Structure formats: structure tokens, C-alpha cells
Amino acid sequence: MYKNLKIKNFNIYKIPVGWKNWVFLKISINEEIFGFSDCTDANGSIDGLVAVLKQYCKVIIDMDPFETENIKQTLFRSSRQSSGGINAKALSGILNCLIEIKSKIFKVPVYTLFGGPVRKSINIYWSHCFTTRIRQGNSNGFKGIKNIKDLKEFCKTLNNSGYQSIKTNIIVKNDEGCLKVVSPGFKYSTLEEDSLNSKKIIDNFVEILNIIKKSLNEDIDIIIDLNMHLPKNTLKYLFSILGDFNFKWIEVDSDNWKVIKNLKIHRFILASCEKKVSLFEVMPFITSGSIDICIIDVRWAGFEESLRIANFCNMFNIKVGLHNSGSNLSTMMSTHLGACITNLNSIEYDVDESSEREKIFKNFLDINNGKIVLSDTVGWGVEINEEFISKYEQ
């Protein structure tokens, strides 16, 4: 039954969704058996990712979809001197497709292939909370946030949302009272207001955090994501003035684990590693005791490598959070991993999203009161509207 199966075709889709693009990959054995993955990269690497996906997928035509280690090593070694980055993410996208193909052949959900489910209801948190509404205004079907009044009003919505955790980013107020999200780690600017390198600007940010804290119900946990936006001196100052804040965690990303380790003198729970694509990259952050929560992205590291990272974290009694700034497909890929590991904390979810999201999928996620529920559907459990996305094929 499973002999002589060959990869016969692939399709890559670059789908505009509001203010960004999602990249989906489809690998087919025949018209009935195929697998999808969300391969979306962030911050300007989309076209490069698509180019690598095309190159890699041409190589694997007529290879056996069950021989995933053979495929992995073939592609990895063909570009070893440029390993990591979008090459690693493209490889992960291919391997994630092959996992869904295997689950469809055996007619089981993906989590069944990896010993799951250990749970079928998983906590999710409202990610880019405030951030998206400040950046996008009223342009995507939700009410924008312009000022402190709007921010306080939106906190009332959050208080009645059922979500127990929210994550926000670096928000400051300008001289006119307008709110702005500042992300110098992703967008270079010589403007002082964008540099986040002054106590005045950090004080401004902490003032906003205090307003959020006072406006939210006490039982809603706050996560702040600093990403790679702050230099060491500014990080130290920020941590020194956060006072009695009791964050669920603070995310700080760096290519050097020592940067985060130096922050451990403070009492806050630290999370990191969302951009890491292998256990090799994550390992020093874990073994050095630098982080308390390890953030993993299933799209970028790949399902099986993400599982290895999570199991390694478990050896050090470290919980895992799943980075998921993507589509319903990305969300379900993360949810299936969450159903296979015992040390899951929660999964990121963008509640505020373009209405285009609903056109891409034929079925809906089962989300209620800050929890997502897994079904027994074969594969990832996501039905993609291929007729709609066909116009975006690359």
C-alpha cells in the first residue's frame, strides 16, 4: 500500500493578508494525497524564502515522501555553507508538509504520529495586543487605538474576552498624545524617538504599561515582548524601574545567551529563542540557565526539531511557549505540537487579523475563552480554500 510513493508536484503561494504576506507550501503525491505547511517568514525575507522553496522542491521531485531523513540531509547538505536563516525555514516548511502527507496516508491527526494527544484543550494568549490596533488603525475591520482614551476603552473589551493572558510590545506616546509602536530591531532609524536609547523614552513606555496594568482585570496576565529592540544599557534601566510589575514573562531575544543571562539578577521570568531554528542554537540558552521559558516556532524550526527542542527543555524543567504570528494553518501546526509535549505553557495567537484570513480557510478554529480545542480531523485539521489562494501561486 505504501510502496512506490513519490513526490510529484509542489505549489507555493504568497498570499497578501492585510499588512503582510503569508507563504503556504503544498507538496503532492497525487490529487488525493498532499500536505500543506505555513512557511511564512517575517520582516522582509519573503521573496528570498519563496526562491529557496522553489529550488529545494525541484530537488525532491520523485523522492519517497516517507524518507524524510533522506530528504532532510539531501537538502541540508546541498546548502550547508549557507545553513540557517531562510534555508532552514524552507527546509522546515518541506518537512512539515511531509508530516501531513504521512498523517493522511495513515488517516490520523498529526499529533497521533508523535504520541499525542496529551491534551486537547490548550491555552492561547492574545498576541500583539494593542500593537496591531495602533499600527493598523481602522483599516482591517477592527477599531484602531490612537490615544490613551482608546487604549483604556479597549482594555474593557479584553476584560470581557475570556482571554487570561495578553502580549504587547513597546508602545510610547508622542508629544501630541498619539500612541506609537517602536521596533528599532526590525527597522533602522536615526531618529531619537525610534532609538529607544534614552531614559525618557523608556519612562514613557513604562507609563503606558502602568495604564494597561490598572485598566485590565487583575486575573489577566501581561507578557511584554522586547524582542531585539533594546541595547544592554537600556535593558538594564528598564528592568530596574519595572517595580512591582508581575509579568507572566518578558521576552528578550539575542544571538548571545550572555545578554539574557545578565538580566537574571532581576526577578522577572525571561523567555527567548523564537528565531532559533535548531536545538543546536537553543542549547546554550537552556544549559546556561539564561531563560525560564523557551519560545519555539514550529514553522521555522520544523515540527520534529521543535519536538526535540521541547523535550530537551523538559530535561531542565523548562516550559515551552509556541511562537505563532501566522495563519490558522500555523496555529494548528503549533496546536498539534502542543498536544504532543508535556511542558507546554501556552500558544501565541493573533486575535486581531485581517478579514482576508476567513477567505483562505473553509473551516474555523475552535476557540473559546482563551482556549483552542483540537479535533480528530486527519492531518493538521485545516481545510484550505485552494480556489481562493490559487491566484497567489508563485
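Up top is the structure these notes are about.
Just so it is clear, the model here is predicted, and its values are computed rather than measured. (Residues numbered from 1 in each chain as written. Predicted model: local features only at pLDDT ≥ 70, side-chain atom pairs only at ≥ 80, totals over all residues. Heavy atoms only, no water.)

Q: What should I look at first to understand helix α6 (residues 148-159) in this one?
A: Three- or four-residue spacings in an α-helix give side chains the same orientation, since the helix completes a turn every 3.6 residues. With twelve residues, α6 ought to run about 16 Å at 1.5 Å a step, and its terminal C-alpha atoms sit 17 Å apart, in line with that. Considered for burial, the residues of α6 that qualify are I148, D150, L151, F154, C155 and L158. The buried residues of α6 occupy one face: seen down the axis, they fall within an arc of 150°. In this fold, the buried residues of α6 make contact with β4 (121-126), α5 (131-136), β5 (165-168), β6 (171-173), β7 (179-181) and α8 (199-215). Backbone nitrogen of K149 and a side-chain oxygen of the N-cap are separated by 3.2 Å at the start of α6; the cap is N147. (Helix = DSSP H or I, 4+ residues; strand = E, 2+ residues; numbered from the N terminus. Expected span 1.5 Å × (residues − 1). Buried < 20%, exposed > 50% of the residue type's maximum accessible area, 1.4 Å probe, protein only. Arc of directions from axis to C-beta. Contact = heavy atoms within 4.5 Å. Polar contact = N/O pair within 3.5 Å; in protein donor to acceptor, adjacent residues only side chain to side chain.)

Q: Teacher, can you tell me more about the sheet that holds strand β1 (residues 9-17) here?
A: The strand order across the open sheet formed by three strands is β1-β2-β3, and the pairing between neighbours is antiparallel. Looking along the sheet, the strands with just one partner apiece sit at the ends: β1 and β3 (34-38). Mean inter-strand twist for the sheet, computed between neighbouring axes without regard to direction, equals 20°. Two strands pair when backbone bridges link them, and β1 and strand β2 (residues 20-28) are joined in this way by nine bridges, in the antiparallel orientation. The residue of β2 that forms the bridge with P16 is N21. Helix α3 (residues 85-105) rests against β2 and β3 of the sheet, and its axis sits at about 140° to β3. Most of the contacts of helix α14 (residues 328-338) go to β3, to which it runs at about 100°, and overall it touches β2 and β3. (Pairing = 2+ DSSP bridges. Axes fitted to C-alpha atoms, helices over the stretch in contact; angles between N-to-C directions.)

Q: What is the right way to read the packing of helix α13 (residues 303-315) against α14 from this model?
A: Between two packed helices, what matters for the description is the angle formed by their axes and the separation of those axes. The interhelical angle for the contact between α13 and α14, taken along N-to-C directions, is 40°, at an axis separation of 10 Å. Taken together, the axes of α13 and α14 are oblique relative to one another. Note that α13 runs across α14; the crossing there is right-handed. For the pair α13 and α14, contact is made by F303, S306 and L307 and by M333, H336 and L337, respectively. (Parallel < 35°, antiparallel > 145°, perpendicular 65-115°, else oblique. Left-handed = near helix turned anticlockwise from the far one by under 90°.)

Q: For this particular structure, what's the right way to read the side chain of K89?
A: Summarising the element assignment, K89 is placed in helix α3. Leaving out residues up to four positions away in the same chain, K89 has contacts with D41, L49, V277, R299 and W300.

Q: Explanation requested: the environment of N345 in the structure shown.
A: With respect to the element layout, N345 can be found in strand β13 (residues 344-349). Of the residues examined, N345 reaches a relative accessible area of 23% and is grouped as partly exposed. Along the sequence, N345 and P284 sit 61 residues apart, while their C-alpha atoms lie 21 Å from each other. Apart from the residues within four sequence positions on either side, N345 is in contact with N123, K248, W249, I293, K319 and V320. A polar contact of 2.9 Å, which involves the side chain of N345, links it to the side chain of S346.

Q: What should I look at first to understand the pattern of salt bridges in this one?
A: When their charged atoms lie close together, side chains carrying opposite charge are able to pair. Inspection of the entire model under this criterion finds 20 salt bridges. For K359, the salt bridge goes to E356, with nearest N and O atoms at 2.8 Å. Residue classification places K359 among the partly exposed positions, given a relative accessible area of 42%. Between R357 and E358 there is a salt bridge; the shortest N-O distance is 3.5 Å. Of the residues examined, R357 reaches a relative accessible area of 5% and is grouped as buried. Exposure remark for E358: the relative accessible area of 39% places this residue in the partly exposed category. Each of K167, D225, E251 and E348 takes part in salt bridges that share partners, so that together they form one network. (Salt bridge = Lys/Arg side-chain N within 4 Å of Asp/Glu carboxyl O.)

Q: Even after reading the chapter, I still don't get the packing of aromatic side chains, so can you show me in this structure?
A: Note on aromatic pairs: each is described by the distance of the centres and the angle between the planes. Counting across every chain of the model gives 16 aromatic pairs. Their ring planes at 5° and their centres at 5.9 Å tell us that F66 and F106 sit as a pair that is stacked. You can see F66 sitting in the loop between α1 (46-60) and α2 (68-78) and its partner F106 sitting in the loop between α3 and α4 (110-113), a full 40 residues away along the chain. Its relative accessible area of 22% is what places F66 among the partly exposed residues. Relative to F154, the ring of F130 lies with its centre 5.6 Å away and its plane at 85°, an arrangement referred to as edge-to-face. Linking F130 in the loop between β4 and α5 with F154 in helix α6, this pair joins segments that are 24 residues apart in sequence. When sorted by exposure, F130 lands in the same class as F154, which is buried. (Phe/Tyr/Trp six-rings, centres within 6.5 Å; stacked < 30°, edge-to-face > 60°.)

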